[in-house]
Each structure stands twice: as structure tokens, then as C-alpha cells.
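Commentary on secondary and tertiary structure
The chain contents come next:
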Amino acid sequence: MRSYTFHGVLAAAILLLGLPACRKALDKVPYDQVPQEYAFNTEQDFTNALRGLYNRMIITGNSTATFAANNYLGGEDAFAWASSPDILADNVVIVSTGRRSQQAFFQWTYSANTTTETWRDGYQVIRLANSILENTDNLEDSETEFRSNAEGEALAVRGMAHFDLLRVYAKPVSGPQAAGGSDPGVPYVTTTDVEAMPGRHTVRDVYERVVADLEKAENLIAANNGHGRLSKAAVSGLLSRVFLYGGEWQKAKNAADRALAVNNDVGAFNLFPAIWRDETESGVLFKVIITTIDRVRIGVGYNQPGPTGIRNEYAPDYNFYQSYDDGDVRKQTYFLTNDFQGFSYNSIVKYPGKTGGVASVNDMKYLRVAEVLLNRAEAHHRLGMDAEALTDLNALRSERYESYLPGMETGQNLLDAILDERRKELAYEGHRFFDLKRLGLPVQRSGSGDRSDGAGTAPLPQYLNLSAGDHRFQLPIPQYEINANRSIIQNTGY
Amino acid sequence: MKKTLLTLVMLMVAVQLWAQVRTIRGKVSDDAGLPVPGATIKVQGTDLGGVTNLDGEFQIANVPQDAGFVEISSVGYNKETVAATGNFINVRLNPLSQSLQDVVVVGYGTQRREAVSGSTTIVGAEELENKPFGSFQNMLQGKAPGLQVTAINGRPGQNAYLRVRGVGSLNAGASPLIVIDGQPVSEDAYNALNPNDIENISILKDASTASIYGSRASNGVLMITTKKGKRDKAQLSYTFQHGVKSKTQDNFRLMNFDEKLRYERNLGYANEYVQAYMDDNGYASIHDIPDAEMQSLRSAMNSQKTDWFRELLRPAKFTIHDVSISGGTDRTRVFFSLQDYKEEGISFGSDFTRRGGRLNVSHEFTDWFEAGTNLMMSNRKESLLRDIYNVQNPFVAIYTYNPYEPVRNPDGSYNLTHQGLSISEAIANNPEKANTLNGVSTFYGQLKLFRDLKFRTEFSTEYTDYTREYFIKPGSVLDFYTGNPEKPGNKTDNGFYRFNYRWSNTLNYTKTFGGGHTIGALAGTEYTQEEFKSYTIRSIGYPTENNNTQNIAAENTNFGTAKYDWTLASFFGRLEYNYGGKYYLNGSIRRDGSSRFAINNKYGNFYAGGASWVISREGFLSGSRNVNMLRLFASTGTSGNFDIGNYEHLTTFGFGRYNGLSISYPVRPGNPNLTWEKSMMTSAGIDFGFFQNRLTGTLAAFQKNTSALLLDRPLSSTTGFQSRLENVGELQNRGIEFNMNVDIIRTRDFNWSVGGNITFQRNKITELYGGDTIPQDAAGTQWVVGQPVNTYFLVRSAGVDPQTGRPLYYTKDGQISDEFSTTYATLLTGKSPDPRYFGSINTAVTYKGLTLSGEFFFSGGNYILNYPWRDLNSGMDAVYMAQAADAMNYWTKPGDNAKNPDPQYTVQTTDRWLQKGDFIRLRNITLSYVVPSYLPNKIRMQQLSFFVQGQNLFYWAKEYKGDPEVGLGSGEEDTYKAPGMYALYSYPQVRSISFGLNATF
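Residues numbered from 1 in each chain as written. Chains lettered and ligands numbered in written order. Predicted model: local features only at pLDDT ≥ 70, side-chain atom pairs only at ≥ 80, totals over all residues.

Things to note about the overall build of chain B
A count of helices and strands for chain B gives 15 helices and 52 strands. Computed over C-alpha atoms, the radius of gyration of chain B comes to 32 Å, within 12% of the 30 Å expected from 2.2 N^0.38 for 1001 residues, which places it in the range of a compact globule. Over its C-alpha atoms, taken along the principal directions, chain B stretches across nearly 120 × 70 × 65 Å. The proportion of buried residues among the 1001 residues of chain B is 48%. The contacts in chain B between residues at least 6 apart in sequence include a share of 67% that link residues at least 24 apart. (Helix = DSSP H or I, 4+ residues; strand = E, 2+ residues; numbered from the N terminus. Rg over C-alpha atoms; globule rule 2.2 N^0.38 Å. Buried ≥ 20, exposed ≤ 12 C-beta atoms within 10 Å, placed from the backbone. Contact = placed C-beta atoms within 7 Å.)

So, in C-alpha cells, the structure goes:
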């Protein structure tokens, strides 16, 4: 019996040892994240979050394993800022030997399930901006300058992202097809409440909030935050764009003046090709830097290099391509004529990859001096200041055309020339569809074929024209949002 | 034979020595040590005998002093004959297989089947051996009512989706807990398991058995017991199998060479070759080419004719070698096995090899101390294919490349086809290989503290080391598309290490009191911890295609590691009581604490209770000739589900980089109230055995209500998050299960039996937060209160307008429209991916050593969205790729009643592509022959048998196009992986024919 007692004691001891009483063993925290309360304490924390704003513009997902391109500014094959607004418009033609990615955008057959990511990813950036703004009180021991720059940068990003969502999903702010007073824009979000289900503010309302945020930001933000981040001149330039869309010509001119006073380098003729290989900052007011490690191939929507030459998804519209002068540096920079599977194609090579880098991986040039100059030229013209408008236009043209002689246009011809230059300068940068929409113009494709001589497969007739004011100028609000948020109403026509 | 002879000799001796008398007393117990009441005792060579009482005890007086042997028999047990030496005999009876007395392995112990207040199915080794699958999960299809088995896909070594009594969860895991020899294991461990090592699998479906696993049991539990050595029975066994696998046949065909070219011309599409001809001859449109010229152009292209199925698929060989040695002494048992399993995939670039071994040892050191170990090591090597929705996946390629596109160009290089990629080239130049090393072990010690009290401590570990290498060789086509011309080639190395350990301590008490009362009690603690680490490295710039380690690359483009751990701490107990082997009661409780939940919700309590009544032991039936067994059982209880991510309850910020500098950003919305999903299962049923147990079966019904469902509740995306994991919603699963087996002919040489089982089940969502619907947008399904999980939500097709040829759609309110709009999408009430019924029918005919057996599996009531079928009937949108022959039936002129609309109209995803999943399949047919024993005995062999079998040889689908067993839609495209929701070119199901032999020494 003695041995049994011994066994009993042994068993009881083991049982007690094995008792999982240790409460600490059940408290586990992640190795690669921190609870929110540790995310905004030091200046370094805020600097990280501010840089995070730009990372979130191009990347979504929370680790390298679940990495994906962000469809706000980093889109590849779904809605992609670098290509979709051009595919939606008249700058390209779909190529029959491509993968037919983004076909729904080219054919205007998108549905509420096609446009989810842009919405989602845009608001993802906005959330981070709001998180920063809600926590700047933690910076009470900081220098005022640091804090105001942080607030300025976050406000600028918040305004910028809302404005872009407005451009995609809502009617234009001004122009012949302008939204009515009650036409819905997008929700203007200024909280981090995860339970919030905001409705759509009116287009006018959103516009005014964008302006308010950007104007406030312009006052707070530092003059120079370095490459790949917003600085004061960029915010001014952004405001000139916003006012142009809003039809507030004087304000557009004034904002452009402020931006150009800091930087009026549109990118010299000789330097121009280097801009697209990201070898120079010349001509760039704000770009999102994309590295090889990020693997975001923003140019992949146009084409991919292949073993038998460049395989195009979209080629330039033949007539548009022909409209470039042979002495135009942009023609040599934006396009390359090459053979693929026995036929000759014009390829769009605006995103060739960085020198020595992966194909299609380039910085996202979001705001260039040339655009601000063109914004001002247009504003000048609208204000009846044709001479100043012509000066602006010629300043750009002199850096684009070989042996350039200054133009002499006036009146409607001048406006046409400004808009034509705008189309040529900003082609394949995510402007064309929004410009047509802003001006209340239809999309009219030439109907040429996909090859370099205009022959080859042409789009079917029903894919050639989108009349002005068609409901498809407003992309459908994602079904996911409508389902999750009862306050949201869909755009008409979907 | 030897034994019987010996008995006879002894008996004769005994008769001769008849002289004095004595009284023999004894006790009869079963293999679990529990008393067997009502057993019949007979003293050989005499008329003396008796019956055991409720405590299993007996007493026989006036036994001759020299009586040699006593026979003990009881219904459901093997008859035992023991020497009548001494005055007290302890007899242990072994149960007949598959009877009520089977030992059911339950959590932390075993129970006799009749004591289990549920309908436990035990799948024995004979049903698992020599089936041509890499994973045991697929072998379970049709074997047990209430267990739904759907192959994930046909990839070699691939597992199946297992669902016990319906879908238990919407968002958290829905697969049962798998326990090998007491150790809950991961998917990797059961992938590593050699199915031939399995002694049996107990499928625990009811609360009374499963609930002891608490927070992990709500999807049922599969208890796997591996083989152990048997006392005095040394055995060496060798099994060999070899066979060929191929894709199951499609029940439709693609357009052939002539049909496709004609179809293209009719639609006005000029392919690459026709276009070249047009350019050379100045034709603007394909319609301008005269018929005669078109004819000669086709003849010229004739040499390019390609059967892509033949080019890209192959008859896939597989070979299995299996050796095992088992044996034992009074105190030691040993089982040792080795396996070599090699299977080719049906496509080039897909292979599976598994090599591994097992050692199970136990030893009784003293009367009161026993210790043992179960050890398994296994290595799997795989060549993998992309499971993606483009021609990088060969199973997309076979349905995409045109029959007029050659594999190679005239110069011998690979033809990139209209898709710009040759999958043959990609397989050769972009190899993807994975290697998995697994070690699973259990060490235990068992102390007998007092006569009826045992203490057991168990320490088990599971180790997985996974490495994967994917090399895009420099110069390969894919490298041109995705790579950097200055740094050609791209290599990814990734993998993980996972270590899981568990320590459990249990006290087990069993006592039988006078008057037939037996009590069993169990109390225990358990602690589980898991650590996980992973890495990814990717580089570009490889100097040669033969060398591909990371250190030789020009530039490192991606690198990262990840890490997590979780813990689970538990206390549990169980009480059992039975009276006279007739009335059984049991109850269990478990308290689990998990690191996955928020601070205030870390612990959860789970309990269960059940009862069963063996009517056939009652006096009024005990003598019945035809009613041999009748038992009623019922139980109810709770269990949980913690199968979610690790830190979901925390609101967190993560880090990364922008332009080479640190960044932070919001990762998770967090939910401080996050807790278990809770299931309440109630079930009842009846077991029966009639006509000398020639007709046996079980009928059971269940209802499982799951509440506090862990759901990714959609959030407005304007918050920056798409969803948050919350406990919202309730779900109900109900069903009826029935299985029956009939021995139609039962003679010595000739036997014929027929069996089968069927399960009817339904699930419906009974509550969602705020009564809302939650759309699963990508797949076109919704979660709606009152409807089955994942009810389809699609635009309804209204056919083709015979006048205009336009496709027609129903609007939301039932009007017909010729314009498509996603707003027309309607909830298709009652249509969901889950089968309403499934089951199997099997039969076996045996004549002497020859057995022919067959099994059919059927399933139905489900719907599958058939994307491949849509792609193959897509008119102008898909005229450039291969099309089904059915696509030729399209509208051409007013009045046509065609299946397909005018091809110029875009084909939309509607319920036109939603097809009924009803099917029946000839699951297995086997012919086997056991060589009469005198032949192998001559060469010192105990037994020799041969078999030939066919698996999945034939299926019949009511409506579905393609193989109707759809598990995973697509490995890379699928974000929400509900089995069978849609088909999207994942690895196809396979059929096989094989032969083999089994030799025992």
C-alpha cells in the first residue's frame, strides 16, 4: 500500500504541474503589429504613419504574404489610375492579341462588382489620414512645426483622395453636365468610427470640403517634405486642379500661381524621356514612389514585354497617335512601334520600368508642373486673359517640340489648342476620362484598328461612342458598399 | 487448428481422469475491463454451465476436479475457451467486429459502443487498406452517414472537404477535429499519415462523445487509432499496388478542328492564321474569302491539328509499397511500418511522393506502470502546378487552346498560341516544388494508483517543416512577361516551421458495485501550444538556368518572415454510469481558455449529457431469435469553435516600407468582445439487429444549433475596413441518417451482402445581426435569414428572344428585359452549394477466396455555378479560344429557337450557368482473390491475396457539365472557399485502375 501512496503523491504533483493555471500563457500579441494605443506616441510614430499614407496609395494587404496592388493609385489590372481613365476614354484601342484585361472599362460594361477596389482602397488611405488627425494631440510636447506639417500632410491626402473618388463615382462639379444641387457625391469621411455608415454628401458639399481641407493643408504643410511626399507647392498645384474642375477660374489661376512660383520647371525637352524612367525629379510636383520591392506594376494595363516583343493590351488610338508631331518629344517617349506575332503595333511605353528595374514598375506621377501650367492656361483663357494663356501654353510647347516656333492662337482656337496639348501631355496618366467628363464632352473613338497602320481589329460599333452625360460617366458604387451600408444609394442607371 | 486439436487431446485426458468435484468461480469482463452480464458459461465435456450476473460473475458447482476447459460465450463477443485451472477464472472477451460491443475510441479513453449515447460509425482498416488515394480523407467518402466527403480536387495526395452533420460555421473552420492516437493534429499531420497504418476511425458526431473536446468539437471529431502489435502474433506483411490514373471523362465535347474554324468564320472572326492569309491576299474580312480558298486554307492548316487533352495530359502511373511488422509478448507490443507512395499527376509538372515510417511501442514495466510511444516520420515531395484562372494552369489550357494551334512552331520552338503563353514551355521552365517533413509523436505513461484508479500522462508533439521553391528560369516566356531583361530569372523560396505540443494528465476511475452498478469517472487537464514561423525570399538575376539558390542572384526583391503562436488551456471531466448493461447514463464537462479571444472572454464552458437503453437485454427480448439487438440512445450538449485567426480581437497597426523607409498603417479593426462560436447538438436514434444479426443498421436524427457565429461582418468600406470578425448570427443544421446492412446469403463458401447509407440534411441561417443579409459578392451568393448558407444570388436568365436573338433576363420583379443589369440579381431561394442528401450503396459477393465488391456514391440537391461551361459557350466574347460543341447552337435568324443567343451579345453570369449537382458515381469496384492457405503455407507464408480495382470509373450527372464532384473552385482565385460553390478549373477529379497483392508472413 505504501507504493500506492507514493504513486498518488507523484500523480498529484504532476497534475498540479500540468495545471494550465498560468494566465499569462493565454495572453498573446502579434509579432509584426502593435495595438493602436502604441501607434501614435512619438514623432517617429507620426512620421511612419505619414509615410504610410503613400504606401497605402499603392499597396493593400497587411504583410508581404498578403500583399496586393492598391487600386487607388497602384492598380494593375483592375481599376488602375495609370491606365483606366485612358481606357475609358478615347486615347486607346483594345488589342485583339492581349489578355483583354479591363475590357469592361473599354466597353463601358462595368457593373457594381467591377469597381469595388478603387472605392475600398481610396477610403483605406483616408482612414489613415483620419487616424493621424485624431491623434495629433499626443504631440503636445512636440515642435509646432512638426505637428502642423503632420496635420497639413494628412489633410492634403484626405482632400486629394476624396476628390479622386468624387471624380470616379459622381457627376462633374461644373460644366454642361454638372451635378445638380442634390446630386450625390461620395461620403466625406472625417472619423475613424468603424461602425459608421455615412451617406453620400452632395457633389457640391464634397467639393467644398475638399477645398477646405486642401486650403487648410496648404497653410500647415512644410515647404519641402522630400521626394515622394506632398509639400506646399504640390498642395497648391492640387488646388489649381480642384478649382479647374470646380469652374472657379480665378482661384485656379491663383493656386497655380502659388505652385509655379515655387517650381515652374515643366521638364526640359532633353530631360523629358528621363522623367518616365524616374531618373529625374524634373517637372514632377508629386509622385508616389514605387520600388522593385513593392512589385506594383502600374503600367501592366497597357502591355507587357514578351519573348516575341511587347504584347499589347491597349494600343494608342490610331488617329490620336497620328496627331502627335514627329518632332514632339512625347511621341518618341510615349510610344514605340514594334512587331508582335508578325504584325506591327504602336505600344504605349510610358511605364517602361526604371533603368535596370522590373518592367512596368515606375513611380506614379500624380501631379506634374506641366498640368499646373495647363490648368493656369485654361483658367487664364476662361478669365479672358488670352495673352497670359498663350504664354503659358507656349512655355510648355517650347519644351516639347523640336525647333519650336511660338503659337499665335486666340479665342476658341486657343482653348482647343490648350485642351489638345493637355490631352497629348497628360495622356496615359489618368486624366482623359475625367477631363472629358468635366468638359461635358462625349467619348468618341476613331474606330481604327489595333495595329500601327490603323488596320487590324477595330472595336465593335457599340464600343465607339459614349455620349455626353451618359450615366456610365459615373462609375457604379460598389455593390459591397451598398450592401454593407444602407445609407448609400447607387448611381442612376446601374 | 492446432489449438482445437490440443483442446481435443486435453479433453480426452480430462474425461479419463474424471474423479472428484469442485466449484469454479469467475468473472467475465470485456476488453475495456467492464463486466459482461448474461454471458453463458459451459464446462466442456459436461452438461454443467451457468450465466454471469450483473457484475459479470459466475459460479458453477460440482465441476469435476479434472475438468479441462470452460467455454464462455456472449452475444457480440468472440467465444473464448480457457483452461479450468484453479478455482477462480478471470475471462476477458473480445468483441466481434462492427457490433455494439465495438470499442469506440472517445476523447481521453474508450467506451463500448453500447455505452455511447450516440450513433458512432467506426470505419475499420479493411475499408481503408489499398484504396488508391494519397490521403485517408477521400477513402471516407460514402463510408459513414452524416459524414460528407467532397474531394477538394484531383491533385495527387490532396485531401477532401469533410463535413460532419452539415456546415457548422460560416466563417470559422468547418472541418472536424482530427485526433490521431489521442493527439489533435493539423492538416499536415494527416496528410503525412499512411492510410494503411490506420486500425480504425471512430467518427464522433454526437454531443455526448464530441463535447469533451470543448472549443474544438463543434464540427465533429474523427478519432484515428493506428495499428498496434498483437500478443504472440508476429507478422510481416507486404502490400504492393500499381495503377494508372486519368481525368474523369467529360460529359460534353469541345468543337473539333473543322467545327471551330467554321464557327469562327460564321462569326466573322479571323484568327492569326486566317488573318495572315487575308493580309497576303488583300482580303479585308474573313467573309470575303471565297469558300474554295477557305477550304484549301483549312487543309493547309491541317498539319497544325492538335488534341490538347492528349498533349497536356497523361496516363498517370502510381505505385505503392507498404511493409509492416507487428508482434508482441505479454508485456510488450510493437508495430512498425514503412511506406513508399509515388503518384504522377495527370498533367506533366504534377507529382506526389510520400515516404515515411511509424513505430508504435508499449511496454508494461510493472503491474502498475505502463509506458509507450507512437512515432511517425514522413516526407512528402510534390511538383506543383498553378491553380489559376489563365493558361498558366494546364487545366485552363486544355479548354482554351484552339484545335488548330500547334504545340510547337515549325522551327521547333514552343507555340505561344493566341494566349501568348505555352503551358508546356511554362511547365518545363517554371518548376514549382514543395517538400514537407513531418514528425508526429506521443509519449505516455500510465500508473495504476489503486485497484480502480489510473493516472495517465501524455506528451505529444507535431512538427512540420515545409519548403517550397518556384523558379522562373532566365529565358522562359513568363520571365519575359514579368521579369527584368537585365536581371533575367526569378526564384522564390518560401516555407514555414510549425511546432505544436500538448501535455495532458488524466485520472480514470472505474468501479463496479454489487447489484450491477458500474461507475466510470474521468478528470483531466491539458495544455496546448503552437508556434509558427515562416519566411519568403525572392531574387532576380540568375546567370544560368541550372543554378537557382538565392545567394547567386543579382538582386533580392522580396524577403520577409512571419511568426505567430497560440495557446489553449483546458480542464475536463466525464462521468459514466450503467446498470446491468441495460441502462447507460453519461455526462461530460470541459473548460477551455484560448489566447485567440479577448481578455474577458478567454474561457468557455462546454457540457454534454446522454443516455442509452439496450432493450434487447431486457427479459422480454433476451431469448428472442429474431430480435438480436435493439438499442435507443439520445444525447444533448454544447461545443465550440475557435478556428479563426490568432489576434483578431486586437485593434492593431502594422508596419512596412515606403521608398526604403519605415511606415505604419491600420491593420485590424479589432473586437474586444470576440468569443467562441457555440454549438448545441441534440440527437437521438436506434440501433437494430434482426434475424441473427443478418439485418443490422442505425437510424438517427440530429439538430445542431450554432450561435454566436464568428462572422466577418461587412463594414462600410468608407471606414477603411471591409469587415470585422464578430459573434453574430445563428445557424441550424438538421438531418436524418440511416444505414443498413443485409447479409442476403451467409454460408461457409458463399456470401452476399448489401449495405448502404443515406443522409438527409438541411441547413439554414436562423439569425444574422439585425436580420440583415450578407452578400458573398464574388461568388454570387448571400447569407440570408431563413435560407441555406450561401444561397445563390444571381440575375435570372429568361432565355433567348426568338425574334431578335438577344439574351433575355428577368428583372427583379419578374419582367423580361433584353438589357442586362446586376440590379436584377435575385435570391434563388433554396438553391445552395450544400447537398441535401448523399450516401452510398455497396455490395459484396464472396465465393471461397474470391470477392467481388462494388460501391456507388451519390449526392444531390446542391447547385454549382459552372464558370468553365459559361466560358465554353461565350459567343463572340470567347470566339478566339476553344468552345464547346454546344456553342454552335446559336440564334441566326428570327424564329430560331436556339440555346445560345446571337453571339454578338456579351454572355453574362446568370443562373443559366447554375447547374444542379445531382450525381451518382461508381466509386469503387474490386475483385480480389485470397489464395487457399495451403499454397502460401508451403513457402512459409500465412496468406497471399491479389486484387484488381477501378476507382471513379463512371459517373452520371443529371444536369452538370463536367465532373460533378466540385470541391475547390480555384486555388488562387478563390477568396471565399466554400466547397462546391463554383467550378473554376481547379485540378480535375481522376479515375484509376490498379492491381496489387498482399502477402503476409
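From this point on, the discussion continues.
Comments concerning the overall build of chain A
Check the secondary structure of chain A and you find 17 helices and 13 strands. For chain A, the spread of C-alpha atoms along the three principal axes comes to 115 × 55 × 45 Å. Residues counted as buried form 54% of the 494 residues belonging to chain A. Across chain A, the fraction of contacts at a sequence separation of at least 24, relative to all contacts at a separation of at least 6, is 67%.

A short note on the interface of chain A and chain B
How big an interface is tends to be stated in terms of accessible area lost as the parts join. At the interface, 78 residues of chain A touch 72 residues of chain B. When residues of the side of chain A that touches chain B are traced back to their parent elements, those giving at least two are helix H1 (2–18), strand E1 (33–35), helix H2 (43–58), helix H5 (116–135), strand E6 (303–306) and helix H17 (479–484) of chain A. Looking at side-chain class alone, the side of chain A that touches chain B contains 38 nonpolar, 30 polar and 10 charged residues. (Nonpolar A, V, L, I, M, F, W, Y, C, P; charged D, E, K, R; others polar.)

Some remarks on the packing of H2 of chain A against helix H6 (residues 144–169) of chain A
Residues and elements named next belong to chain A. It is at 10 Å that the axes of H2 and H6 come closest, and there the two elements cross at 20°. For the element pair H2 / H6, the angle class is roughly parallel. In terms of crossing hand, the pair formed by H2 and H6 is left-handed. Counting all contacts with H2, which are made through Glu-43, Phe-46, Leu-50 and Leu-53, the residues of H6 involved are Phe-146, Ala-150, Glu-153 and Val-157. (Axes fitted to C-alpha atoms, helices over the stretch in contact; angles between N-to-C directions. Parallel < 35°, antiparallel > 145°, perpendicular 65-115°, else oblique. Left-handed = near helix turned anticlockwise from the far one by under 90°.)

Here we look at the pairing of strand E50 (residues 943–957) of chain B
With 11 bridges connecting them, strand E49 (residues 919–930) of chain B and E50 of chain B associate as antiparallel partners. Residue pairing for E50 of chain B: Thr-926 of chain B is matched across the bridge by Gln-949 of chain B. (Pairing = 2+ DSSP bridges.)

Some remarks on the sheet that holds strand E4 (residues 57–64) of chain B
The strands making up a sheet associate through backbone hydrogen bonding, with each pair oriented either parallel or antiparallel. Residue and element names in this part refer to chain B. One open sheet holds the three strands; their spatial order is E4-E1-E7, and the pairing between them is mixed. Of all strands in the sheet, those bounded by a partner on one side alone are E4 and strand E7 (88–93). Sheet twist, expressed as the mean angle between neighbouring strand axes with direction ignored, is 30°. Where strand E1 (residues 21–30) lies against E7, six bridges are found, and the strand directions are parallel. Bridging from a neighbouring strand, Ser-29 pairs with Arg-92 of E7.

A short note on the environment of Asp-278 of chain A
Take Asp-278 of chain A: it is sitting in the loop between helix H10 (272–275) and strand E5 (284–288). The exposure class assigned to Asp-278 of chain A is buried, which follows from the 23 C-beta atoms found within 10 Å.

Section: the environment of Leu-725 of chain B
Residue and element names in this part refer to chain B. Among the secondary structure elements, Leu-725 is positioned in strand E35 (residues 723–727). Taking the C-alpha atoms as reference points, Leu-725 and Arg-668, 57 residues apart in sequence, are found 9.6 Å from one another. If we ignore the near neighbours within four places in the chain, the residues touching Leu-725 are Ile-644, Glu-648, Asn-671, Leu-674, Leu-710 and Asp-712.

Let's talk about the sheet that holds E1 of chain A
Pairing is antiparallel across the open sheet formed by three strands, whose spatial order is E1(A)-E30(B)-E31(B). Strand pairing shows two members of the sheet lacking a second neighbour, E1 of chain A together with strand E31 (661–668) of chain B, which therefore form its edges. Pairwise comparison of adjacent strand axes, ignoring direction, gives a mean angle of 35° for this sheet. By the bridge criterion, three bridges tie E1 of chain A to strand E30 (residues 652–658) of chain B in an arrangement that is antiparallel. Bridge assignment links Pro-35 of chain A to a residue of E30 of chain B, and that residue is Thr-652 of chain B. Where H2 of chain A meets the sheet, its contacts fall on E30 and E31 of chain B, and the angle it forms with E31 of chain B comes to roughly 75°.

With respect to the pairing of strand E34 (residues 710–714) of chain B
All names here are of chain B. Within E34, four of the five residues are buried, which leaves the element mostly enclosed by the surrounding structure. In this sheet, E35 lies alongside E34 in antiparallel orientation, the contact comprising five bridges. Each bridged residue has a counterpart across the sheet, and for Asp-712 the counterpart in E35 is Leu-725.

Some details on helix H16 (residues 432–439) of chain A
Residues and elements named next belong to chain A. With respect to burial, H16 is a largely interior element, six of its eight residues being buried. If you check which residues of H16 are buried, you get Arg-432, Phe-433, Phe-434, Leu-436, Lys-437 and Arg-438. Its buried side turned inward, H16 meets helix H3 (84–87), H6, helix H8 (232–246), helix H15 (411–426) and strand E12 (443–444). Where H16 terminates, the next one or two residues include Gly-440, which has phi positive at roughly 70°.

Things to note about unusual backbone geometry
Residue and element names in this part refer to chain A. One non-glycine residue with positive phi stands out, namely Gln-102, at about 60°. Within the secondary structure layout, Gln-102 lies in the loop between strand E4 (92–94) and helix H4 (103–106). For Tyr-428, which is not glycine, the phi torsion reads 65° and is therefore positive.

Overview of helix H7 (residues 203–220) of chain A
Residue and element names in this part refer to chain A. Here H7 contains 18 residues, and its C-alpha end-to-end distance of 26 Å stays within 8% of the 26 Å for a straight helix at 1.5 Å per residue. Those residues of H7 lying buried are Val-203, Val-206, Tyr-207, Val-210, Asp-213, Leu-214, Ala-217 and Glu-218. Each buried residue of H7 lies within a common arc of 135° when the element is viewed along its axis, so the set occupies one face. The secondary structure elements touched by the buried residues of H7 are H6 and H8. (Expected span 1.5 Å × (residues − 1). Arc of directions from axis to C-beta.)

Describing the confidence of the model for chain B
Residues and elements named next belong to chain B. The share of residues in chain B with pLDDT of 70 or more is 95%, and the mean pLDDT across the chain is 89. Predicted confidence in chain B is weakest over helix H1 (residues 2–16), with a mean pLDDT of 45, and strongest over strand E48 (residues 914–916), with 96. In the predicted structure, residues 1–19 sits below a pLDDT of 50 and forms 20 contacts with residues beyond four places in sequence or in another chain. Reported for the predicted complex are a pTM of 0.82 and an ipTM of 0.92. (pLDDT = per-residue confidence, 0-100.)

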